[in-house]
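Residue-level structure breakdown
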Amino acid sequence: MIEIENVRKSFGSLEVLKGINLTVAKGEVVTIIGGSGSGKSTLLTCINGLEPIDSGRIKIDGTEVHARSTDLNKLRQKVGIVFQQWNAFPHLTVLENVMLAPRKVLGLSQEKAEEIAVKQLTHVGLAEKLAVYPNRMSGGQQQRMAIARALAMSPTYMLFDEVTSALDPMLVGEVLDTLRMLASEGMTMICVTHEMKFAREVSDRVAFFHQGVMAEIAPPEQLFDAPQNAETKKFLAATH
Ligand SMILES: Nc1ncnc2c1ncn2[C@@H]1O[C@H](COP(=O)(O)OP(=O)(O)OP(=O)(O)O)[C@@H](O)[C@H]1O
Ligand SMILES: [Mg+2]
């Protein structure tokens, strides 16, 4: 379970998270929507400890992320994160790229790391691309490789930050299909997205962020069809 309690975070004089509360249960899919600069990415980076917080608490399966005693490397194995773009190592094949963290971070043998990497690359539909270099793949394939790379660490939770935003519209579908597949398998996920149709389909709950505040959170039917908050209404009207 991911528990976010009254999290505040500023960059200089700009408060970007103004007391966020959110609990994500095992198996749940929560999507986050909201305007640019509303704090969506910042929250994800706080969840896996890439950014410190100013106050409040974030717990992953009971472990406080920002406690001094927490081993962040260990925690991050549990919480995979995929960004808009991931720069793969260009001189390594797709397979080698995905094997890297299991080898270096988990200390697995070459054979075991390869087995896991092949399994995850196959899972995201890249079984044919093992020996290819990343720059020979489409943007959608590269994003699926990035997802396979995160999955190779056997995470319990996955965080996705606009993983389709940098893609040609033609390639968005295949990456969203991969996320849909993970959701249907019961992966616990928080997805920041601009894809409203996807959010509606895949989410257990949708959270709308506005200026550092989680202005509304509700099941998709409710949030999209009967939003309660004035800012949610404005946002949805502007994005349709
Ligand atoms: N490292 C940083 N240093 C200073 N300011 C930052 C930093 N990261 C983010 N910000 C600021 O914090 C605010 C929230 O940024 P954040 O990236 O979380 O927004 P977002 O909701 O993800 O927006 P977008 O939809 O454009 O990705 C923005 O005003 C941004 O400029
Ligand atoms: Mg962002």
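As a starting point, this report considers the structure included with it. (Residues numbered from 1 in each chain as written. Chains lettered and ligands numbered in written order. Predicted model: local features only at pLDDT ≥ 70, side-chain atom pairs only at ≥ 80, totals over all residues. Heavy atoms only, no water.)

A full pass over the atoms with the stated rule returns 13 salt bridges. Asp61 is the partner of Lys26 in a salt bridge, and the nearest nitrogen-oxygen pair spans 3.8 Å. Highlighted residues: Lys26 in the loop between strand E2 (14-24) and strand E3 (29-34) and Asp61 in the loop between strand E4 (55-60) and strand E5 (63-64), separated in sequence by 35 residues. In this structure Lys26 comes out as exposed when scored by relative accessible area, which is 54%. (Salt bridge = Lys/Arg side-chain N within 4 Å of Asp/Glu carboxyl O. Helix = DSSP H or I, 4+ residues; strand = E, 2+ residues; numbered from the N terminus. Buried < 20%, exposed > 50% of the residue type's maximum accessible area, 1.4 Å probe, protein only.)

All buried positions along helix H9 (residues 230-239) are accounted for by Thr232, Phe235 and Leu236. Viewed end-on, H9 has its buried residues packed into an arc of 95 degrees, placing them on one side of the element. Exposed positions of H9 whose direction lies more than 90 degrees from the buried face are Ala230, Lys234, Ala237 and Ala238. Contacts made by the buried residues of H9 are with E3, helix H7 (196-202), strand E9 (205-210), strand E10 (213-218) and helix H8 (220-225). (Arc of directions from axis to C-beta. Contact = heavy atoms within 4.5 Å.)

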